[in-house]
Amino acid sequence: MYEKIVAPTTGSKITFKDGSPIVPDDPIIPFIRGDGTGVDLWPASQKVMDAAVETAYGGKRKINWFKIYVGDEACDVYGTYQYLPQDSLDAIKEYGVAIKGPLTTPIGGGIRSLNVALRQIFDLYACVRPCKYYAGTPSLHKTPELLDVIIYRENTEDIYLGIEWPKGSETGKKLIEFLNNELIPATPEHGKKQIRLDSGIGIKPISKSGSQRLVRRAIAHALRLPKDKQQVTLVHKGNIMKYTEGAFRDWGYELATTEYRAQCVTERESWVLGNKEQNPDISLEDNARLIDPGYDALTPEKQAKIRQEVADVLFAIWDSHGSGQWKEKIMVNDRIADSIFQQIQTRPGEYSILATMNLNGDYLSDAAAAIVGGLGMGPGANIGDECAVFEATHGTAPKHAGLDKVNPGSLILSGVMMLEYMGWQEAADLIKKGLGAAISNGEVTYDLARLMEPPVPELKCSEFAEAIIKHFAD
Ligand SMILES: NC(=O)C1=CN([C@@H]2O[C@H](COP(=O)(O)OP(=O)(O)OC[C@H]3O[C@@H](n4cnc5c(N)ncnc54)[C@H](OP(=O)(O)O)[C@@H]3O)[C@@H](O)[C@H]2O)C=CC1
Ligand SMILES: O=C(O)CCC(=O)C(=O)O
Ligand SMILES: [Mg+2]
């Protein structure tokens, strides 16, 4: 069935039911080693995962690894430019859960990202990136321990749809002329705007269905968190891009207040309810004034709209959410993207799940990882309804490739996410314990060692993996 790869002769397939995996004790899991530092990261990470599973289950459970090829390694095996062989796609489709090291994307070249291709081919629409502090991890931030967020980044549209035309191309020019001469003049709100003829053009589509399935997963995750972390923040730049970023926010709220009506309260609703709880006789107008501090400066039409909003909230959810019941619900709020970058630094403890569109989530996940120790501590997962591929937030870090130097923490923690997704919590917990203990003990790779006070010697990538395993026994 495969051209150049052979599946393990022992082991069984993971299957899916209603979007969740059904995992045998001997799953076959395809893995992609990755380019650049993947040569160092993968062996270290596999070793830690195997040791954790063996220690936790004493042979009753075992992962049967299935080596598949994507990226530079694939070209060695399948031939020039064969970066993404059909064999590898077939294997991921067949076995459902896979894990990968980083893959190179040349900037500006003809090759689209292999990472993005995998996410799109398997419709892995939720890119889940937790950023949590492990005790003892050095950080440039003063209070990294307060940050404990999970980024839910939409993974299939926005810039990931990758529809672009270069400056000067025939199609690009045609599109600009069509926009300048027909569509823009036909849309009065665009006034006399014109696109410069020497522009490159990129399309940024944000769909309602794509946004809502992402937010649905984010809210479902929030429901599984402890009470004090049951919050979903919709991140957007809707003040500037109303029909893409603003729509993402609106569709998020719509989903929360329909499908999850019983479980959710929005921040604005909580203000309306709270105002009435404080003052049961409060008028609609005074309530409106409190939820919108600029109320008195608004036009009568806008004021009427806010009074109507207050009336609607009280009518719809006072019985189910009023008298303090809303405090037991998932809080859904929204923040403008630039503001959230400063908020996770100045108020790290105030956020939990951050639901984002694609590009905002890309930036935000690197920034949040930096707070809790850097890209060596940033795990991730790409989750769809019938497939999941686990991988770190960082890339191939080419200047460090092959030196047995970089921090395997991100890929190992991506393995932890995979084990948790499989329901193998005992093995996942062992790794988290070993990793935490190794860091607390100052047994770390260069990236963390350079931040430690007092300084500690650097461990190699492979030595860090061994230190984690050693600390399983603590
Ligand atoms: N999912 C994927 O496979 C991804 C792939 N990429 C691709 O990777 C390539 C390189 O991208 P680049 O922009 O350099 O970003 P990278 O994330 O690869 O590296 C940037 C810097 O982050 C630090 N870093 C990254 N990984 C680790 C680690 N494991 N341990 C410690 N520090 C780490 C290093 O900083 P320092 O040197 O200061 O210590 C490194 O130089 C590009 O082709 C890009 O497209 C990028 C992101 C994701
Ligand atoms: O595919 C790439 O090269 C970049 C992907 C990326 O930056 C990410 O997934 O965070
Ligand atoms: Mg990125």
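Structural data are supplied above this passage.
Presented here is an overview of the structure given in this document. Please read these numbers as outputs of a predicted model, since none were measured by experiment. (Residues numbered from 1 in each chain as written. Chains lettered and ligands numbered in written order. Predicted model: local features only at pLDDT ≥ 70, side-chain atom pairs only at ≥ 80, totals over all residues. Heavy atoms only, no water.)

As a matter of local geometry, ligand 2 sits amid Thr-105, Ser-113, Asn-115, Arg-119, Arg-129, Arg-153, Tyr-160, Asp-362 and Thr-393. Taking 290 Å² as the accessible area of ligand 2 by itself, protein coverage stands at 75%. When its residues are assigned to classes, the shell around ligand 2 shows one nonpolar, four polar and four charged. (Near = heavy atom within 4 Å. Areas by Shrake-Rupley, 256 points an atom, 1.4 Å probe, with all protein chains shown as cover. Nonpolar A, V, L, I, M, F, W, Y, C, P; charged D, E, K, R; others polar.)

Attention now goes to the nonpolar core. Counting residues in hydrophobic clusters, the biggest one holds 78 residues, and the most contacted among them are Trp-65, Ile-99, Ile-219, Phe-390, Met-418, Ile-431 and Ile-439. Apart from the residues lying within four places of it in its own chain, the contact partners of Ile-431 are Val-48, Met-49, Ala-52, Ile-412, Val-416, Leu-419, Ile-468 and Phe-472. Ala-7, Ile-68, Ala-91 and Leu-118 belong to the second largest nonpolar core, which has 23 residues in total. (Core = buried A, V, L, I, M, F, W, Y, C linked by side-chain atoms within 4.5 Å. Buried < 20%, exposed > 50% of the residue type's maximum accessible area, 1.4 Å probe, protein only. Contact = heavy atoms within 4.5 Å.)

Relative placement of two packed helices is described by the angle separating their axes and the distance separating the axes. Their axes nearest at 10 Å, the elements helix H8 (residues 267-278) and helix H9 (residues 284-291) cross at an angle of 130 degrees. Relative to H9, H8 is oriented oblique. Relative to H9, the crossing made by H8 is right-handed. Contact with H8, carried on its side by Arg-268, Trp-271, Val-272, Asn-275 and Lys-276, involves Asn-287, Leu-290 and Ile-291 of H9 and no other residues of that element. In the contact of H8 with H9, the residues fall into four nonpolar, two polar and two charged. (Axes fitted to C-alpha atoms, helices over the stretch in contact; angles between N-to-C directions. Helix = DSSP H or I, 4+ residues; strand = E, 2+ residues; numbered from the N terminus. Parallel < 35°, antiparallel > 145°, perpendicular 65-115°, else oblique. Left-handed = near helix turned anticlockwise from the far one by under 90°.)

Moving on, we get to the packing of helix H13 (residues 409-422) against helix H14 (residues 425-440). The interhelical angle for the contact between H13 and H14, taken along N-to-C directions, is 155 degrees, at an axis separation of 8 Å. On the basis of their axis angle, the class for H13 and H14 is roughly antiparallel. For the pair H13 and H14, the crossing hand works out as left-handed. Between H13 and H14, the contacting residues are Ile-412, Leu-413, Val-416, Leu-419 and Glu-420 on the first element and Gln-425, Ala-427, Ala-428, Ile-431, Lys-432 and Leu-435 on the second.

Taken together, 23 residues are adjacent to ligand 1, and Thr-105, Gly-395, Ala-397, His-400 and Tyr-446 come closest. Between ligand 1 and the protein, one listed contact pairs an oxygen atom with a backbone N or O atom of Thr-396 at 3.0 Å. One nitrogen or oxygen atom from the side chain of Tyr-446 is found 2.5 Å from an oxygen atom belonging to ligand 1. Expressed as a share of its isolated accessible area of 870 Å², the protein-covered part of ligand 1 is 71%. Broken down by secondary-structure element, the contributors of at least two residues to the shell around ligand 1 are helix H4 (114-121) and helix H15 (446-449). The residue makeup of the shell around ligand 1, split by class, is seven nonpolar, 10 polar and six charged. (Polar contact = N/O pair within 3.5 Å; in protein donor to acceptor, adjacent residues only side chain to side chain.)

Without other data, these values stay purely geometric and don't point to any function.
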